[in-house]
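# A look at the structure
Each chain, letter by letter, is given below.
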Amino acid sequence: MDALKHELKRLIIQTLELEDITPDDIKDDEPLFVDGLGLDSIDALELGLAIKNHYNIKFDANAEQTREHFSSINSLAGYISSKS
């Protein structure tokens, strides 16, 4: 699971072009949106597309659970692991 978390962090940095951030700067339980990493809804769309392309997993943008899956690296990794 640690390898998946690190891979997700690298995917976030690359997809969103976060040049001043390293994977070590992103905490596993830190919120990805607003507080924490500070991502926004546009970032969520871009990240969702990148995850779909990389892991072949599609998110339902209207599902309430999607917000929970994107809440942190831990929750995102858990969701991807459950779909693999």
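Just above sits the structure.
This section reports on the structure supplied with the text.

Quick notes on the rules
Residues numbered from 1 in each chain as written. Predicted model: local features only at pLDDT ≥ 70, side-chain atom pairs only at ≥ 80, totals over all residues. Heavy atoms only, no water. Helix = DSSP H or I, 4+ residues; strand = E, 2+ residues; numbered from the N terminus. Buried < 20%, exposed > 50% of the residue type's maximum accessible area, 1.4 Å probe, protein only. Core = buried A, V, L, I, M, F, W, Y, C linked by side-chain atoms within 4.5 Å. Contact = heavy atoms within 4.5 Å. Salt bridge = Lys/Arg side-chain N within 4 Å of Asp/Glu carboxyl O. Expected span 1.5 Å × (residues − 1). Polar contact = N/O pair within 3.5 Å; in protein donor to acceptor, adjacent residues only side chain to side chain.

### Side note on unusual backbone geometry
Although it is not a glycine, Val34 sits at a positive phi angle of roughly 55°. Relative to the helices and strands, Val34 resides in the loop between helix 1 (2-15) and helix 2 (41-55). On the basis of relative accessibility, which here comes to 69%, the residue Val34 falls in the exposed class. Phi is positive for Asn56, close to 60°, though the residue is something other than glycine.

### Some thoughts on the nonpolar core
In terms of nonpolar packing, the biggest core is built from 23 residues, with Leu8, Ile12, Leu32, Ile51, Tyr55, Leu76 and Ile80 touching the most fellow members. For this core, the elements supplying multiple residues, two or more each, are helix 1, helix 2 and helix 4 (73-83). Excluding residues that lie within four positions of it along the chain, Tyr55 makes contacts with Leu4, Glu7, Leu8, Leu11 and Ile80.

### What to know about the pattern of salt bridges
Summed over all chains, the structure comprises two salt bridges. The salt bridge involving Lys9 is made with Asp28; its shortest N-O contact spans 2.8 Å. Of this pair, Lys9 sits in helix 1 while Asp28 is found in the loop between helix 1 and helix 2, placing the two residues 19 residues apart along the sequence. Of the residues examined, Lys9 reaches a relative accessible area of 10% and is grouped as buried. Overlapping salt bridges bring together Lys5, Lys9 and Asp28 as one network.

### Points about helix 2
Compared with an ideal rise of 1.5 Å per residue, which puts 15 residues at 21 Å, helix 2 spans 21 Å between its outermost C-alpha atoms and is within 8% of the ideal. One side-chain oxygen of the residue at the start of helix 2 lies 3.1 Å from the amide nitrogen of Ile42, identifying that residue as Asp40. Backbone geometry just after helix 2 places Asn56 at a positive phi near 60°.

Honestly, it's all geometry; don't read function into it.
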